[in-house]
Amino acid sequence: KPLLKYARKLYKLRSCPILIQYHHRGEAKISGERVEFLVSDLAEGELLSTFLKRQRGKKLTQFQSMHLLYALARGIEQIHFLGQYHGDIHSDNIMVKRKGLGFNVRLIDLFDLGRSTRERIQEDVFDLVTVFYEMIGGPEGYKRADENVKRIILGRKHSLIRLYYNTAGDIRLALENLEW
């Protein structure tokens, strides 16, 4: 049963605050059809894709983007530290809410149930860089970006990203060690 496997994976990752915690698994009959369900925490905020559409130029400033990337990297780092991966990181699977100087973020749709491998963790890293690229405004934003931003995006070249960033924790460390 995929839902039970999903619940087990979430239970392993219950200490990761970036994930929405699930509390109950159940079944119900709706119009004569059996439906499985999970009951979860309330996730406040909005999808990152929607949030970006509301911003001037449909992007964030480089500084805001770095703050949001940092919040994401810190959360995903815990998942990677536990030897797991998300498997589907993109702006429609990230809930975001401004909080003080930064952002509260939550990941949704952790439904990839394949075996965790180094390659799958690396895919999360590529996806995280792609989300950052989208936050700064895609190709136009990248052209105008300063060296700190370009040093993280690395032209979105998998070979370069793999060289510098094996996990989300590596991105977190890079952000913490930027010189402004």
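Note that the coordinates shown come from a computational prediction; the quantities given were computed from them, not determined experimentally.

A. Structural detail: the overall build of the protein chain. Helix and strand counts for the protein chain come out as 8 helices and 5 strands. Listed N to C, the secondary structure of the protein chain is α-β-β-β-α-α-β-β-α-α-α-α-α in terms of helices and strands. For 180 residues, the compact-globule estimate of 2.2 N^0.38 gives 16 Å, and the protein chain sits close to it at 17 Å. The C-alpha extent of the protein chain, read off along each of the three principal axes, is 55 × 35 × 25 Å.

B. Summary view of the sheet that holds strand E3 (residues 46-47). Pairing is antiparallel across the open sheet formed by 3 strands, whose spatial order is E3-E4-E5. Two strands close off the open sheet at either side, each with one partner strand: E3 and strand E5 (102-107). In the packing of helix H3 (residues 62-81) onto the sheet, the strands contacted are strand E4 (94-99) and E5, and the crossing angle to E5 comes to about 40°.

C. Highlighting helix H4 (residues 118-135). Here H4 is 18 residues long and its end C-alpha atoms lie 26 Å apart, about the 26 Å a rise of 1.5 Å per residue gives. Ile 121, Gln 122, Asp 124, Val 125, Phe 126, Leu 128, Val 129, Val 131, Phe 132, Tyr 133 and Met 135 are the residues of H4 that are buried. A positive backbone phi angle near 110° is found at Gly 137, which sits one or two residues after H4.

D. Layout of a nonpolar patch on the surface. On the surface, Leu 160, Leu 163 and Tyr 164 cluster together to form a nonpolar patch covering roughly 320 Å² of accessible area. Residue position: Tyr 164 is located in helix H7 (residues 158-164).

E. Broad picture of the packing of H3 against helix H8 (residues 168-176). Where H3 contacts H8, the two axes come as close as 7 Å, and the packing angle between them is 145°. Relative to H8, the crossing made by H3 is left-handed. Two secondary-structure elements touch here, H3 through Met 66, Leu 69, Tyr 70, Ala 73, Arg 74, Ile 76, Glu 77 and His 80 and H8 through Ala 168, Gly 169, Ile 171, Arg 172, Leu 175 and Glu 176. Tallied by class, the residues present in the contact of H3 with H8 amount to 8 nonpolar, 2 polar and 4 charged.

F. Representation of the packing of aromatic side chains within the structure. Scanning all chains against the criterion turns up 3 aromatic pairs. On the basis of an interplanar angle of 85° and a centroid distance of 6.1 Å, the ring pair of Phe 51 and Phe 103 is categorised as edge-to-face. Of this pair, Phe 51 sits in helix H2 (residues 48-54) while Phe 103 is found in strand E5, placing the two residues 52 residues apart along the sequence. Considered together, Phe 51 and Phe 103 belong to a single accessibility category, that of buried residues. Measuring from ring centre to ring centre gives 6.3 Å for Tyr 164 and Tyr 165, while their planes differ by 50°; the resulting arrangement is tilted. Above the face of the Tyr 85 ring, Lys 9 is positioned so that its terminal group lies 4.0 Å from the ring centre. Stacked on the ring of Tyr 11, the Lys or Arg Arg 14 has its end atom at 3.9 Å from the ring centre.

Conventions adopted
Residues numbered from 1 in each chain as written. Predicted model: local features only at pLDDT ≥ 70, side-chain atom pairs only at ≥ 80, totals over all residues. Heavy atoms only, no water. Helix = DSSP H or I, 4+ residues; strand = E, 2+ residues; numbered from the N terminus. Rg over C-alpha atoms; globule rule 2.2 N^0.38 Å. Pairing = 2+ DSSP bridges. Contact = heavy atoms within 4.5 Å. Axes fitted to C-alpha atoms, helices over the stretch in contact; angles between N-to-C directions. Expected span 1.5 Å × (residues − 1). Buried < 20%, exposed > 50% of the residue type's maximum accessible area, 1.4 Å probe, protein only. Patch = residues over 30% accessible without salt bridge, like charges linked within 9 Å, V, L, I, M, F, W, Y side chains within 5 Å. Areas by Shrake-Rupley, 256 points an atom, 1.4 Å probe, with all protein chains shown as cover. Salt bridge = Lys/Arg side-chain N within 4 Å of Asp/Glu carboxyl O. Left-handed = near helix turned anticlockwise from the far one by under 90°. Nonpolar A, V, L, I, M, F, W, Y, C, P; charged D, E, K, R; others polar. Phe/Tyr/Trp six-rings, centres within 6.5 Å; stacked < 30°, edge-to-face > 60°. Lys NZ or Arg CZ within 6 Å of the ring centre and 35° of its normal.

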